[in-house]
Amino acid sequence: MKKIKNPKELKSLQQRLSKTQKSNKLTILVSTKATCCQLQNSTAVTEKLKKEIEKKKLKNKVELITTGCLGFCELEPIIIIKPQDILYKNVQVADIPEIVTKTFIKGEVIDELLYVDPSNKKRIKLETKIPFYQYQNRIILGNNAKIDPESIEDYIKIGGYSALAKVLTNMKPEQIIEEIKESNLRGRGGAGFPTGRKWESCRNATAPDDIKYIICNADEGDPGAYMDRSLLESNPHSVLEGMIIGAYAIGGTNGYIYIRDEYELAVKTLKNALKQAKEYGFLGENILGSGFNFSIKISRGGGAFVCGESTALMASIEGLPGEPRAKHIHTTEKGLWNRPSNLNNVETWANVPIIINQGTDWYTKIGSGNSKGTKIFSLVGKINNTGLVEVPMGTVLRDIIFKIGGGIPHNKKFKAVQTGGPSGGCIPEQLLDLPVDYEKLTEAGSMMGSGGMIVMDEDTCMVDVAKYFLNFLKDESCGKCVPCREGIIQMHAILTDICNGLGKEGDIEILEELGEIVKETSLCQLGGSAPNPVLSTLKYFRNEYEAHIKDKCCPGGVCKALITYEIDPELCTGCHACFKQCPQDAIAGEKKKPHIIDTEKCIRCGVCSEICKFDAVKIK
Amino acid sequence: MKELNRIGVFLCWCGANIARSVDVKSVIEEIKNYPGIAYAEDYIYMCSDPGQDIIREKIKEHNLDGLIVANCSPTLHEKTFRNLAKDMELNPFRCEIANVREQCSWPHEHEKEVATKKAIKIIKSTIEKIKQNAELQPLPIPLTKKALIIGGGVTGIQAALDIADGGYEVYLVERLPSIGGHMLQLSETFPTLDCPQCIMTPKMTEANQHDNIHLLTYSEIEEVSGYLGNFKVKVRRKARSIKEEICTGCGECSNNCLVSNVIQIPELESVKDKLDTAMRDKLDQIIEEYSDEAGPLIPVLQDINRQYNYLPELALKYISERLKIPLNQVYHVATFYKSFSLKPRGRHIIKICMGTACHVRGSEKVLDEIQRVLNIKPGETTRDQKYTLETVNCLGACALGPVVVKDDEYIGQMSSSKVKKILKKEN
């Protein structure tokens, strides 16, 4: 491919590519190229689709785009047919022939493949009318549905790299920084630091050998968060474009994308995108004829949550263990290899081209208060519509969970929503009208974090949740400072005792005291925010802790030491299925007669409860 | 040399120390008739002035040519009586002590018969010995009154200071570029928890400044010849390539050294020849791939981990050698990050996602069931090397939770009842 030498050539390429889009053509979007779509067999579905199109000789009438993540994970694999905007969900290989014949050729809709709204059980044909999509504002994720992530030309076609061209032609570095400052873009990695200010301080830092680093934090360590992975797998160039613009504004010379080791596919997609960007002249020397040079390398993580912290991340790139250091001197002055370094999250970088193209007036109209623009959340857990949602800042939690998320499955009752990963906290029902906003979430005892939003219902034990997060953090603590290393272990030990029925009077007070100490005195924010899950669950669900300690009972029915499995004799049909599966031979009963569980032998594995078709196994 | 035949034996009572256990009178009775004995007497305190006078008198009177004093340990009074002999113009080496106190009367305090018999035996042996004694003359010989100490640790430094303070010249030779040794590298001493640096540094500076001490650091002993008082030592002074008189120890040269700025680290022996060719070639290939990276250690380790399913010890040592990274740092990194395994892993790797969404959907129960069925804990491998169980902190496939990955196959919506089936399935 010929290198694009200047912005004019880019514009003409873009125009040329747009013209090839015939208006009477059908455009078929099938989500293929993201990790979890592939787990749902989307590769096979796509292959079958290609074969059918070939078979029915529709190649000229149909344009097939294999996209990345379309966001509504619950419905994968998804096929969207444009221009009608018909959405088919959970498509199987066997459905393809019918889809091609009925919908592509005849224009008919197949009802069984349409999304059903759980609130009114109605089938919805159009993607745009599905509440999940309707209430979102997908300024970033929306592009996933327009491009094949392995094609840089798809990205150029929809206006990709035009923000870079604008910046290199019309704007001085200081102007770009002003623009980002005015947009009020804040770090989407979790801390919410004003991006413009960070860029400014890095620009002003002295680089003794003229090298400055531009780094993308793609470590995404928060369990339950995968929006960065989705962005990198589905629209990698949006992140690259943001980084190149940032490099130009700051004076960066070398870039790194630090991506966690577990994201194999994202690494592959990124490598391909970097290669293409270099071929087309967006990276390397004399970018678009501006005289500006910038290159990006990939650095893979080793599997450590703490490497999401900026100084630990940089230590990891240097080949050292990921131990954070105190930030009396910021990394914008002395970071990677002691040189000025600017680190931003994947989603933050992806926002940059949009702000440059659309302008701050447009951007600041989205959002509220001091939190502008949109935020991508991974809505997971006990929720009907699992997926990635992008909403304007300031959207109310209730709307996200119930309007977009479709509420709690099996008609269970909502209990709490956990935001901010292991650094965040749980928000109870009474605060569901809180808007998602950096300040408001922090006030409530949680935080925005990277955007993980885990919904919990009445069958979740909040003490167990606190114990879970501490268990996670105690393994991920780098061990350098005493409060984090020792404090988390001790808090975890107390919680384990409580969950095992060994809690005693005074445990809650110790947890609170320890929590405050760890928070105040840890060296980095891993320890500094580690007590949050405990403190927030204590704030809103103190009664659960007390039930565990005083009454030795687990209201959520989770803590094995405090629950018993019982078979309801009214519902049991004596089908004998549980008897066969019980690993401890703890179930006794004759066929066709109600069975009984021996609680002494029972290890609470839950197998019987899962396979009972009559819902006769109850947890007490 | 003529054998002595006019020997005098003088048995001391040492107050009651000897006399209470040894029957001194019968000893003298026995000894005075022994061949070669010219005179024998017992007295209450032989070492006293009157006692010594008796000996002087009897030497003259009986023209004694040998003197035996049977009394306490020679460490106490051998010198006393040898000086007396010299005084009386009897060669001091013809004076011997027979220890009948520490070796006889004291151990056998309550066995008079035994003590007496033993005392006689001891004295008789001493008589036979003294008969062979030559007239030795001490000779003055020239001595080099200097010391050379090999090793500049705490022992060597202290010895050097002690000798130097005594007024003698000392050479302190140390192999490493600095004295101090291992003690200097510790953080506390046992059991007092003292600070080794606070103890050592005053001594070290004194060793450097002392007029009598010549400090030869970064030097090794090549050859030692000679004998006590006249040693000849060959010392190799290794090339420092630095003007010691003006060096301030700022360390700038070390920071910028292109070859290696490793100091004070003993060189490990090369493992290049211990690797089999296939592994060495593979490792070389991996190192080559990242040769233009400024921080290649982690990607190199990842590729090795992927290739061999774990990090073999020899591979780590080879990497340390080739990349010139201290072995302890390689291990620090290898043990810090979760994706590396130092132990060989099983043929099938079962990973279970411990993300929050999966947890809320019941991943704990799935983990418990897998542990129960395979009888291993996370991080362990089954005895038949078939399965390794690992936990992963979020695979990012939350919509499908709980998620288990068997080798490269992602299995969603896991539950404890599905575990046995999944494990049985062979691929």
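As a reminder, the structure under discussion sits directly above these lines.
Engineer: Describe in detail the overall build of chain B, supporting the description with residues and values.
Structural biologist: Within chain B, the secondary structure is distributed over 15 helices and 13 strands. The C-alpha radius of gyration computed for chain B amounts to 40 Å, which surpasses the reference 22 Å derived for 427 residues by more than 25%, pointing to a less compact arrangement than a globule. Structurally, chain B occupies a C-alpha span of about 120 × 60 × 40 Å along its principal axes. For chain B, buried positions account for 42% of its 427 residues. A fraction of 63% describes how many contacts in chain B between residues 6 or more apart in sequence connect residues 24 or more apart. For chain B, the accessible surface area stands at approximately 24100 Å², while carbon and sulfur atoms represent 51% of it. Once the 56 positive and 58 negative side-chain charges of chain B are each reduced to a mean point, those two points are 6 Å apart.

Engineer: Give a detailed account of the pairing of strand 2 (residues 62-67) of chain A, specifying residues and quantitative values.
Structural biologist: Remark: a regular strand shows side chains that alternate across the two faces of the sheet. Residue and element names in this part refer to chain A. Here strand 2 lies mainly inside the structure; five of its six residues are buried. Pairing between strand 1 (residues 26-31) and strand 2: six bridges, direction parallel. Within strand 2, the position partnered with Leu29 by the bridge is Ile65.

Engineer: Talk me through the interface of chain A and chain B; I want residue IDs and the actual numbers.
Structural biologist: One frequent convention defines the size of an interface as the accessible area lost when the parts assemble. Of the residues lining the interface, 63 residues belong to chain A; the matching set on chain B comes to 39 residues. Of the roughly 4000 Å² buried at the junction of chain A and chain B (both faces included), carbon and sulfur atoms supply 56%. Between the two partners, chain A and chain B, sit three salt bridges. With a shortest N-O distance of 3.5 Å, Glu476(A) and Lys338(B) are connected by a salt bridge. Counting across the interface, chain A meets chain B through 21 residue pairs in polar contact (both at pLDDT 80 or more). If you list the elements that add at least two residues to the side of chain A that touches chain B, you get helix 2 (35-39), strand 9 (295-300), helix 13 (310-317), strand 13 (374-381), strand 17 (452-457), helix 18 (462-476) and helix 25 (607-611) of chain A. It is helix 18 of chain A that contributes the most residues to the side of chain A that touches chain B, six residues altogether. Class assignment of the residues belonging to the side of chain A that touches chain B gives a composition of 30 nonpolar, 15 polar and 18 charged.

Engineer: Which residues make up the side chain of Arg186(A), and what values go with them?
Structural biologist: Residue and element names in this part refer to chain A. Within the fold, Arg186 resides in the loop between helix 8 (173-183) and helix 9 (195-204). By relative accessible area, Arg186 is classed as buried at 8%. In this view, Arg186 contacts Gly192, Phe193, Pro194, Thr195, Thr348, Asn370, Ser371, Tyr438 and Glu439; residues no more than four positions away in its chain are not counted.

Engineer: Describe a nonpolar patch on the surface, listing the residues and the values that go with them.
Structural biologist: All names here are of chain B. A contiguous nonpolar patch, built from Leu148, Ile150, Val224, Leu228, Phe231 and Val233 and spanning about 590 Å² of accessible area, is present on the exposed surface. Only strand 5 (146-150) and strand 9 (230-237) provide two or more residues apiece to the nonpolar patch. On the basis of relative accessible area, Val224 is assigned to the partly exposed category, the value being 48%.

Engineer: So what's going on with the sheet that holds strand 7 (residues 213-216) of chain B? Which residues, and what values?
Structural biologist: Residue and element names in this part refer to chain B. Read across the open sheet, the three strands follow the order 5-6-7; overall the sheet is parallel. The sheet is open, and its two borders are formed by strand 5 and strand 7, each paired with just one other strand. Pairs of neighbouring strands in the sheet enclose a mean axial angle of 15°, with direction left out of account. As paired elements, strand 6 (residues 169-173) and strand 7 share four bridges and run parallel to each other.

Engineer: Describe the pattern of salt bridges, and please don't skip the residues or the numbers.
Structural biologist: Residues and elements named next belong to chain B. On inspection of all chains with the given rule, the structure shows 56 salt bridges over all chains. The salt bridge involving Lys238 is made with Glu220; its shortest N-O contact spans 2.9 Å. A residue pair is termed long-range when its members are at least 10 positions apart, and Lys238 in the loop between strand 9 and helix 8 (252-256) and Glu220 in strand 8 (residues 219-227) qualify at 18 residues. Residue class for Glu220 comes out partly exposed when judged on its relative accessible area of 33%. A salt bridge links Arg306 to Asp303; the shortest N-O distance between them is 3.8 Å. Highlighted residues: Arg306 and Asp303, both in helix 10 (residues 297-308), separated by three residues, approximately one helical turn. With a relative accessible area of 42%, Arg306 lands in the partly exposed category. Of the residues examined, Asp303 reaches a relative accessible area of 17% and is grouped as buried.

Engineer: Now, about the packing of helix 9 (residues 277-289) of chain B against helix 10 of chain B: what can you tell me, with residues and values included?
Structural biologist: Residue and element names in this part refer to chain B. Remark: helix 9 packs on helix 10, axes separated minimally by 9 Å, with the N-to-C direction vectors making an angle of 145°. Crossing geometry of helix 9 relative to helix 10 is assigned as right-handed. Residue-level inspection shows Met279, Lys282, Leu283, Ile286 and Glu289 of helix 9 in contact with helix 10, the latter providing Val300, Asp303, Ile304, Gln307 and Tyr308. Partitioning the contact of helix 9 with helix 10 into residue classes produces six nonpolar, one polar and three charged.

Parameters and conventions
- Residues numbered from 1 in each chain as written.
- Chains lettered and ligands numbered in written order.
- Predicted model: local features only at pLDDT ≥ 70, side-chain atom pairs only at ≥ 80, totals over all residues.
- Heavy atoms only, no water.
- Helix = DSSP H or I, 4+ residues; strand = E, 2+ residues; numbered from the N terminus.
- Rg over C-alpha atoms; globule rule 2.2 N^0.38 Å.
- Buried < 20%, exposed > 50% of the residue type's maximum accessible area, 1.4 Å probe, protein only.
- Contact = heavy atoms within 4.5 Å.
- Areas by Shrake-Rupley, 256 points an atom, 1.4 Å probe, with all protein chains shown as cover.
- Lys, Arg positive; Asp, Glu negative; His and termini not counted.
- Charge placed at Lys NZ, Arg CZ, Asp CG, Glu CD.
- Pairing = 2+ DSSP bridges.
- Buried area = accessible area lost by both parts, 1.4 Å probe.
- Salt bridge = Lys/Arg side-chain N within 4 Å of Asp/Glu carboxyl O.
- Polar contact = N/O pair within 3.5 Å; in protein donor to acceptor, adjacent residues only side chain to side chain.
- Nonpolar A, V, L, I, M, F, W, Y, C, P; charged D, E, K, R; others polar.
- Patch = residues over 30% accessible without salt bridge, like charges linked within 9 Å, V, L, I, M, F, W, Y side chains within 5 Å.
- Axes fitted to C-alpha atoms, helices over the stretch in contact; angles between N-to-C directions.
- Left-handed = near helix turned anticlockwise from the far one by under 90°.

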